[in-house]
Number of protein chains: 2
Amino acid sequence: MTLKQLEAFYWAATCGSFTVAASRLHLSQSSLSKRVSELEESLSCQLFDRSGYRCTLTPAGTELLPKARQMLNASEDIVATVGKDLGIKGWCRFGTGEIAASSWLPQFVVSVKQQFPDLSLEPYVELGRELEQRLIDGELDFAIIAHPPSDPSIQYELIAEVDFDWIVAADMPCPRKHALATLVEKLPIISMHKNASTSKILDHWLRMQHNPKPKIVTCNNMSAMAGLVAAGLGISYFPKGWIAPLIEKRIVKIVPGSEPLEKLAYYFHWRADDNRRLIKELKGLVLENVNYGMPILML
Amino acid sequence: MTLKQLEAFYWAATCGSFTVAASRLHLSQSSLSKRVSELEESLSCQLFDRSGYRCTLTPAGTELLPKARQMLNASEDIVATVGKDLGIKGWCRFGTGEIAASSWLPQFVVSVKQQFPDLSLEPYVELGRELEQRLIDGELDFAIIAHPPSDPSIQYELIAEVDFDWIVAADMPCPRKHALATLVEKLPIISMHKNASTSKILDHWLRMQHNPKPKIVTCNNMSAMAGLVAAGLGISYFPKGWIAPLIEKRIVKIVPGSEPLEKLAYYFHWRADDNRRLIKELKGLVLENVNYGMPILML
DNA sequence: CACTCTTACGGCACCCGTAAGAATC
DNA sequence: GATTCTTACGGGTGCCGTAAGAGTG
């Protein structure tokens, strides 16, 4: 019995799939299968029921699972407390929404490369719901998601709260009073894709209104949205930091007198059973970037 | 970091010697040294101070020691609870005193061979004090000793209490009353070697007497002692079971009317930090042999 | 000189990945 | 047929033991 075998078993069991576990451990699927087989052999005990389409845990496997977790925890603990803190090696697969991907991601990657040159980052851009599922499945090491997790097996920590502003083309004439209401009557709202977490902001705003429903145009790309707004084809809402450069260049402007939109809280999500130093370090690095004084969503 | 490395480190640290640890793990000394080095490399951290004659633990090593123990415990726990109980493989090095070695040892070895054909036994015969030290040093896996351990790192369990009788040649004339006192005046007491645990019985008996000190002849071999007694050259005390065959053959006899000697309690000793199934199984086997209904010390 | 641990090195065994096979849906 | 896990196999790495080296008391 080796730690590698226990690790392979643990992730195979909790990912619910040998294939996913192999991917997570950056191992070929056949090697992972072999590791599990060898563990079974060394314990002389079937851990997976292989009769079905997917492998399922036997009672013995279910019994082993928490014990394997303990071993891996203890192992991590040793490395963390006794081992000298060296650079982290290996891979990290993480997920973010599109906004984050197009804003702080490059800077984050640069920070990681500086601090951990031997770590390979594999960003994965998807909508929040999808990211959470992939995290649960063990395909991702962590994810930045704009809502708290719905599954208790996921731990999370607040990273930042992002302010949004109503934006309109800089040359769009606006009345002094009730500018937003006037604009909404004339122009469509250009909104993020419905499944994106940012769309929650619009949902919330809409519930606050008693006006008839405004026209809404959806788009799945922030830059394209900004272009549409700049061309005077609609109004939209953007993260303050993200849109700031365009305001400075007088391409767009904040809708005057508009009430602030609901803040969007971003959380760092990770599997509660994953206590690798890797996770802690990268969480720290994300938080550090926030603490540089600039909003996390900065182009 | 692997379990083998942690095991090597643990025994190197607790045995206080790479050489002894290697012997205990049935590994060449150089391989053990390499395992420890590789552990240090994987933790990027010196665990032993190699400047002196012997290696000593660094602070980091001291910190690691209990954690390594936990890992090995957890590992043993998994094998014990999840793993199917198969025959035990490997080696077991154990110690006994001379009495045990010349009495129940062969039967014990046969029992072990029957139940665990793949287990190699390595008996080691020494005096009790010596055995305990070798147990502490990690050179022995267990020992049968006629006194409780003096070191708290050793666990123990009562195996059997052995009765001793005063023995004299069968044809030696004995008065009806005070036979023992009369014999002691005429004949020397043939006793086991002073460092043997059985000598405690004589010490105890002597303290109970207010007579002048009797002549005492020591001998380091039970069979030789029996021969001396049979030849009428002295009296001695033997375990009931051990001497029974010679009584039946009317070569020696119990000194009539002699008061019973103090019982000698035999204990199964093992290192408290050694929780291998091997130990539990062999302890059980020793106890089973006792429970066969015959005294443990049976030729 | 006895004893400790380390280093060098040849050989074997283990473990990985590729690729093909078997089974399920 | 797509996906899942297993098996076969070639190749490289890791680990063991022998033997020689270096340092201590």
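Structure: above.
Keep in mind that this is a model prediction, so the values were computed, not measured. (Residues numbered from 1 in each chain as written. Chains lettered and ligands numbered in written order. Predicted model: local features only at pLDDT ≥ 70, side-chain atom pairs only at ≥ 80, totals over all residues. Heavy atoms only, no water.)

A.B. asks: What am I meant to see in the sheet that holds strand 11 (residues 252-254) of chain A here?
C.D. replies: Backbone-to-backbone hydrogen bonds pair the strands of a sheet. The strands run either parallel or antiparallel. All names here are of chain A. Taken in spatial order, the five strands of this open sheet run 9-8-10-7-11, and their pairing is mixed. The open sheet has two free edges, formed respectively by strand 9 (216-219) and strand 11, since each of these has just one partner strand. Averaged over all pairs of adjacent strands, the angle between their axes in this sheet comes to 40°, without regard to strand direction. Pairing analysis gives four bridges linking strand 7 (residues 164-169) to strand 10 (residues 235-239), with the strands arranged antiparallel. Residue pairing for strand 10: phenylalanine 164 is matched across the bridge by proline 239. Sheet contacts for helix 10 (residues 222-230): strand 7, strand 8 (189-192), strand 9, strand 10 and strand 11; angle to strand 10, the most-contacted strand, approximately 135°. (Pairing = 2+ DSSP bridges. Helix = DSSP H or I, 4+ residues; strand = E, 2+ residues; numbered from the N terminus. Axes fitted to C-alpha atoms, helices over the stretch in contact; angles between N-to-C directions. Contact = heavy atoms within 4.5 Å.)

A.B. asks: Sorry, what's going on with the sheet that holds strand 4 (residues 119-125) of chain A here?
C.D. replies: Residue and element names in this part refer to chain A. Strand order across the open sheet formed by five strands is 4-3-5-12-6, with mixed pairing between neighbours. Looking at strand neighbours, the two that pair on one side only are strand 4 and strand 6 (154-162), the edges of this open sheet. Neighbour-to-neighbour, the strand axes of the sheet open up by a mean angle of 20°, direction not taken into account. The pairing of strand 6 with strand 12 (residues 264-271) spans eight bridges and is classified as antiparallel. Residue glutamate 157 lies in a different strand from strand 12, and its bridge partner there is phenylalanine 268. Docked against the sheet, helix 6 (residues 105-115) engages strand 3 (90-96), strand 4 and strand 5 (142-145), running at close to 165° with respect to strand 4.

A.B. asks: What is the right way to look at the protein's contact with DNA strand D in this model?
C.D. replies: Taken together, 17 residues lie near DNA strand D, and A:Thr19, A:Gln29, A:Ser33, A:Arg50 and B:Arg35 sit nearest. At the protein interface, 66% of the atoms of DNA strand D within 4 Å belong to sugar or phosphate. One of the side-chain nitrogen or oxygen atoms of A:Thr19 is found 2.6 Å away from a phosphate oxygen of DNA strand D. Between a base oxygen of DNA strand D and a side-chain N or O atom of A:Tyr53, the distance comes to 3.1 Å. For the surface near DNA strand D, the elements supplying multiple residues, two or more each, are helix 2 (18-24) and helix 3 (29-43) of chain A together with helix 3 (29-43) of chain B. It is helix 3 of chain B that contributes the most residues to the surface near DNA strand D, four residues altogether. For the surface near DNA strand D, the class distribution of residues is five nonpolar, nine polar and three charged. (Near = heavy atom within 4 Å. Polar contact = N/O pair within 3.5 Å; in protein donor to acceptor, adjacent residues only side chain to side chain. Nonpolar A, V, L, I, M, F, W, Y, C, P; charged D, E, K, R; others polar.)

A.B. asks: I'm lost on helix 10 of chain A in this one. Help?
C.D. replies: One full turn of an α-helix is made of 3.6 residues, so residues set three or four places apart face in the same direction. All names here are of chain A. All buried positions along helix 10 are accounted for by Met222, Met225, Ala226 and Val229. One side of helix 10 carries all its buried residues, which in axial view fall inside an arc of 100°. Positive backbone phi, approximately 80°, marks glycine 232, located one or two places after helix 10. (Buried < 20%, exposed > 50% of the residue type's maximum accessible area, 1.4 Å probe, protein only. Arc of directions from axis to C-beta.)

A.B. asks: What is the right way to read the layout of surface pockets from this model?
C.D. replies: Volume-wise, the second largest pocket comes out at about 510 Å³. Going through the elements one at a time, helix 8 (179-186) and helix 9 (199-208) of chain A are the ones with two or more residues in the lining of the second largest pocket. (1 Å grid on protein atoms, 1.4 Å probe; cavity = no way out; pocket = protein on both sides within 12 Å on 5 of 7 lines; lining within 4 Å. Points joined across faces, edges and corners; volume = space filled by probe spheres on them.)

A.B. asks: Would you explain the relation of the copies chain B and chain A in this entry?
C.D. replies: Both copies of the chain are tied together by a single rotation about an axis and a shift running along it. You can overlay chain B on chain A at an RMSD of 0.2 Å; the transform is a turn of 179° with a shift of 0.1 Å along its axis. The transformation just described matches what one would write down for a two-fold rotation axis. Interface residue correspondence from chain B to chain A reaches 100%, placing this contact among same-surface, isologous pairings. (Least-squares fit on C-alpha atoms with pLDDT ≥ 70 in both.)

A.B. asks: Please clarify how the protein's contact with DNA strand C should be interpreted in this entry.
C.D. replies: Neighbouring residues of DNA strand C: 17 residues in total, closest A:Arg35, B:Thr19, B:Gln29, B:Ser33 and B:Arg50. Backbone atoms, meaning sugar plus phosphate, form 70% of the atoms of DNA strand C positioned within 4 Å of the protein. Between DNA strand C and A:Tyr53, the relevant distance is 3.4 Å, taken from a sugar or linking oxygen to a main-chain nitrogen or oxygen of the residue. Contact distances for DNA strand C include 2.6 Å between a phosphate oxygen and a side-chain N or O atom of B:Thr19. Within the residue set of the surface near DNA strand C, elements represented by two or more residues are helix 3 of chain A together with helix 2 (18-24) and helix 3 of chain B. If you tally residues by element for the surface near DNA strand C, the top one is helix 3 of chain A, at four residues. Split by residue class, the surface near DNA strand C holds five nonpolar, nine polar and three charged.

A.B. asks: What is the right way to look at the environment of B:Ser33 in this model?
C.D. replies: Residue and element names in this part refer to chain B. With respect to the secondary-structure elements, serine 33 resides in helix 3. The exposure class of serine 33 is partly exposed, given its relative accessible area of 24%. On a C-alpha basis, the gap between serine 33 and alanine 8 in space is 8.3 Å, while along the polypeptide they are 25 residues apart.

A.B. asks: Explain helix 6 (residues 105-115) of chain B here, please?
C.D. replies: Buried residues of helix 6 of chain B: B:Leu105, B:Phe108, B:Ser111 and B:Val112, and no others. Down the axis of helix 6 of chain B, the sector holding all buried residues measures 120°, keeping them to one side.

A.B. asks: Before we go on, may I ask you to explain the packing of helix 4 (residues 59-81) of chain A against helix 4 (residues 59-81) of chain B in this structure?
C.D. replies: Between two packed helices, the angle of one axis relative to the other and the distance separating the axes together describe the packing. Remark: helix 4 of chain A packs on helix 4 of chain B, axes separated minimally by 10 Å, with the N-to-C direction vectors making an angle of 165°. Between helix 4 of chain A and helix 4 of chain B, the interaxial angle falls into the category roughly antiparallel. Along this stretch, helix 4 of chain A crosses helix 4 of chain B, giving a crossing that reads as left-handed. Touching A:Glu63, A:Leu64, A:Lys67, A:Ala68, A:Met71, A:Ala74, A:Ser75, A:Asp77, A:Ile78 and A:Thr81 of helix 4 of chain A are B:Glu63, B:Leu64, B:Lys67, B:Ala68, B:Met71, B:Ala74, B:Ser75, B:Asp77, B:Ile78 and B:Thr81, all from helix 4 of chain B. The class makeup of the residues in the contact of helix 4 of chain A with helix 4 of chain B is ten nonpolar, four polar and six charged. (Parallel < 35°, antiparallel > 145°, perpendicular 65-115°, else oblique. Left-handed = near helix turned anticlockwise from the far one by under 90°.)

A.B. asks: For this particular structure, what's the right way to read the nonpolar core?
C.D. replies: Burial of nonpolar side chains together is a common tendency in soluble globular proteins. Residues A:Leu64 and B:Leu64 are the most contacted members of the largest nonpolar core, which totals 60 residues. Breaking this core down by element, the ones donating at least two residues are helix 1 (3-15), helix 2, helix 3 and helix 4 of chain A together with helix 1 (3-15), helix 2, helix 3 and helix 4 of chain B. (Core = buried A, V, L, I, M, F, W, Y, C linked by side-chain atoms within 4.5 Å.)

A.B. asks: How do you make sense of the pattern of salt bridges when you look at a structure like this?
C.D. replies: Scanning the model with the defined rule gives 28 salt bridges over all chains in all. Here A:Asp274 and A:Arg276 are joined by a salt bridge, their closest N and O atoms 2.8 Å apart. For A:Asp274, a relative accessible area of 4% puts it in the buried group. For A:Arg276, a relative accessible area of 24% corresponds to the partly exposed category. The partner of B:Asp163 in a salt bridge is B:Lys263, with the nearest N and O atoms 3.9 Å apart. Here the residue B:Asp163 occupies a position in the loop between strand 6 (154-162) and strand 7 (164-169), and B:Lys263 occupies one in the loop between strand 11 (252-254) and strand 12 (264-271), the gap between them amounting to 100 residues. On the accessibility criterion, B:Asp163 (28% relative accessible area) is partly exposed. The partly exposed category is assigned to B:Lys263, whose relative accessible area is 45%. Among the ionic contacts, a cluster of salt bridges with common partners joins A:Arg24, A:Asp141, A:Asp274 and A:Arg276. (Salt bridge = Lys/Arg side-chain N within 4 Å of Asp/Glu carboxyl O.)

Fair warning: the whole summary comes from geometry, so function is off the table for now.
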